[in-house]
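Here is how the chains run, residue by residue.
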Amino acid sequence: MTRFLSNCPRCGYVAEAWSEDGVSVQVRCKMCGYEGRQPHPDLKNGAWRVG
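Fair warning: this is a prediction, and the values are worked out from it, not measured in the lab. (Residues numbered from 1 in each chain as written. Predicted model: local features only at pLDDT ≥ 70, side-chain atom pairs only at ≥ 80, totals over all residues. Heavy atoms only, no water.)

Here the focus is the nonpolar core. If you look at the biggest cluster of nonpolar residues, it comprises seven residues: Cys-8, Ala-15, Ala-17, Val-25, Val-27, Cys-29 and Tyr-34. Elements supplying a minimum of two residues to this core: strand 2 (14–19) and strand 3 (24–28). Leave out the neighbours within four places in its chain, and Ala-15 touches Phe-4, Leu-5, Ser-6, Cys-8, Val-27, Arg-28 and Cys-29. (Core = buried A, V, L, I, M, F, W, Y, C linked by side-chain atoms within 4.5 Å. Buried < 20%, exposed > 50% of the residue type's maximum accessible area, 1.4 Å probe, protein only. Helix = DSSP H or I, 4+ residues; strand = E, 2+ residues; numbered from the N terminus. Contact = heavy atoms within 4.5 Å.)

Further remarks concern a nonpolar patch on the surface. On the surface, a cluster of nonpolar side chains totalling about 440 Å² of accessible area is made up of Leu-5, Tyr-13, Val-14 and Met-31. Along the chain, Met-31 falls in the loop between strand 3 and strand 4 (35–39). Residue Met-31 is classed as exposed on the basis of its relative accessible area, which comes to 53%. (Patch = residues over 30% accessible without salt bridge, like charges linked within 9 Å, V, L, I, M, F, W, Y side chains within 5 Å. Areas by Shrake-Rupley, 256 points an atom, 1.4 Å probe, with all protein chains shown as cover. Salt bridge = Lys/Arg side-chain N within 4 Å of Asp/Glu carboxyl O.)

What follows concerns the pattern of salt bridges. The final tally for this structure, using the stated rule, is two salt bridges. With a shortest N-O distance of 3.6 Å, Glu-35 and Arg-28 are connected by a salt bridge.

The pairing of strand 3 with strand 4 spans five bridges and is antiparallel. Following the sheet pairing, Arg-28 is matched in strand 4 by Glu-35. In this antiparallel pair of consecutive strands, strand 3 and strand 4, the connection spans six residues, and Gly-33 shows a positive phi of 85°. (Pairing = 2+ DSSP bridges.)

All right, on to the side chain of Ser-24 then. Relative to the elements of secondary structure, Ser-24 occurs in strand 3. Taking the relative accessible area as the measure of exposure, Ser-24 reaches 16% and is therefore buried. With residues up to four places along the chain from it excluded, the contact list for Ser-24 reads Trp-18, Ser-19, Arg-37, Gln-38, Pro-39 and His-40.

This paragraph deals with the pairing of strand 3. Of all five residues in strand 3, four are buried; the element is thus mostly enclosed. Strand direction decides the pairing type here: strand 2 and strand 3, joined by three bridges, are antiparallel. The partner of Ala-17 across the bridge, within strand 3, is Val-27. The turn linking strand 2 back onto strand 3 is made up of four residues, and Gly-22 within it adopts a positive phi angle of 80°.

As structure tokens, this is what we get:
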């Protein structure tokens, strides 16, 4: 599991994020209470995908 800081997609505040599979990221924001999944920021362009 990888833990790092990310910006909350809802309010833009610094949120804690972690990735268990390296493909998607779980984000939890303490400021606005947002919780959700999003694609891993290192894979935004999808260059790793085949086909």
